[in-house]
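# Inside the fold
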Amino acid sequence: MITTTSMENVQIIIQARMTSTRLPGKVLLPLCNSTVLQVMLDRLAAFKEHIIIATTNDGSEAPIVKLCKEQKIKYYQGSTEDVLSRYYEAATQYGAIDDTTIVRLTSDCPLIDSHLTKQVIEKHKRSQFDIVNLGPHSGYPRGLDCTAFSYQLLKKTHQLATSKADREHVTLGMAKFSSIATFSFAEGESLEHWRLTLDEPDDYKAIKAIYAHFGNNLDFSYPELKKQLKKKPALTDINKHVSQKTV
């Protein structure tokens with residue numbers, strides 16, 4: 001259960017743009033009689049009041065803004081390439097203070113799990129770790145990625161980071177400017193070869209096939225998903241050849 005207390009002083013910022021180079025407009029592709037971004041928001045419905053969509057200001061973002069207005073989701077329009085500034089400005093606009101827990105998600109993860117996301121948030125709020133991670137680096141499939149850090153750390157990184165990579169990837173430069181303690185949730189087995197993220201057309205085919213396997217129902221947990229993907233390896237074979245874009 002997600003309690004009000006556990007979510008005090010939390011901002012979940014989801015970066016979303018229409019200008020993806022490999023699959024333009026991917027976040028609004030049809031999925032489950034809806035769209036990829038809407039499916040992600042529906043799977044995170046328990047966190048709705050804490051979500052901010054950090055989109056672009058290059059003129060392409062109108063459909064994303066329209067969705068946010070229709071769904072009464074907070075949004076911010078910022079730099080297309082300087083995603084670090086987009087995060088900092090979005091957090092600032094919506095009243096973040098130094099100890100606000102900022103949660104970074106990306107809009108190409110329509111299989112995101114709300115219970116795993118909650119674990120990351122609670123670990124960051126209850127511990128002394130500067131960054132709390134859940135992602136493929138610790139055995140999880142790519143597409144469940146979630147990172148939590150403080151607004152204070154975000155602000156300092158924004159003020160000091162200068163390289164293009166650090167400005168584009170938000171958390172990449174954090175350890176360069178601060179001595180930080182990081183905690184990563186471990187999956188317990190190696191499943192990072194499963195691609196549950198949306199970068200290329202075959203990723204889209206795989207995600208649609210996975211949802212079709214669940215009858216286009218959105219209400220299933222990561223343990224249930226893992227169980228079904230192990231039973232039906234054909235689902236994860238669809239996009240197993242797709243390589244992750246390197247930083």
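Heads up: these notes are all about the structure in this document. (Residues numbered from 1 in each chain as written. Predicted model: local features only at pLDDT ≥ 70, side-chain atom pairs only at ≥ 80, totals over all residues. Heavy atoms only, no water.)

Moving on: the packing of helix H3 (residues 83-93) against helix H5 (residues 151-160). In the contact formed by H3 and H5, the axes pass within 10 Å of each other and the chain directions differ by 135 degrees. Between H3 and H5, the crossing angle belongs to the class labelled oblique. Relative to H5, the crossing made by H3 is left-handed. Contact residues: H3 offers Leu-84, Ser-85, Tyr-87, Tyr-88, Ala-91 and Thr-92, while H5 offers Tyr-151, Leu-154, Lys-155, Thr-157 and His-158. (Axes fitted to C-alpha atoms, helices over the stretch in contact; angles between N-to-C directions. Helix = DSSP H or I, 4+ residues; strand = E, 2+ residues; numbered from the N terminus. Parallel < 35°, antiparallel > 145°, perpendicular 65-115°, else oblique. Left-handed = near helix turned anticlockwise from the far one by under 90°. Contact = heavy atoms within 4.5 Å.)

Let us look at the pairing of strand E7 (residues 131-134). With burial as the criterion, each face of E7 is covered, one bearing Ile-131 and Asn-133 and the other bearing Val-132 and Leu-134. Alignment of E7 against strand E8 (residues 146-150), held across 4 bridges, turns out to be antiparallel. Paired with Val-132 across the two strands is Ala-148, which belongs to E8. Where E7 and strand E9 (residues 182-184) come together, 3 bridges link them in parallel fashion. (Buried < 20%, exposed > 50% of the residue type's maximum accessible area, 1.4 Å probe, protein only. Pairing = 2+ DSSP bridges.)

Next up on the list: the packing of aromatic side chains. Within the structure shown, the criterion is met by 6 aromatic pairs. Arranged with centres 5.3 Å apart and planes meeting at 50 degrees, the rings of Phe-129 and Phe-183 form a pair that is tilted. With a gap of 54 residues between them, Phe-129 in the loop between helix H4 (114-126) and E7 and Phe-183 in strand E9 connect regions that are remote in the sequence. Since its relative accessible area comes to 23%, Phe-183 is described here as partly exposed. Grouping aromatic residues by their ring pairs yields a cluster made of Phe-129, Phe-183 and Phe-185. Its guanidinium or amino end placed over the ring of Phe-220, Arg-43 lies 4.5 Å from that ring's centre, counting from NZ or CZ. (Phe/Tyr/Trp six-rings, centres within 6.5 Å; stacked < 30°, edge-to-face > 60°. Lys NZ or Arg CZ within 6 Å of the ring centre and 35° of its normal.)

Positive phi, close to 55 degrees, is recorded for Cys-32, a residue that is not glycine. Backbone geometry at Asn-216 places phi at a positive 55 degrees, although glycine is not the residue there. If you trace the backbone, Asn-216 turns up in the loop between helix H8 (201-213) and helix H9 (222-231). Judged by its relative accessible area of 37%, Asn-216 is partly exposed.

Remember that the coordinates give geometry; whether it matters functionally is a separate question.
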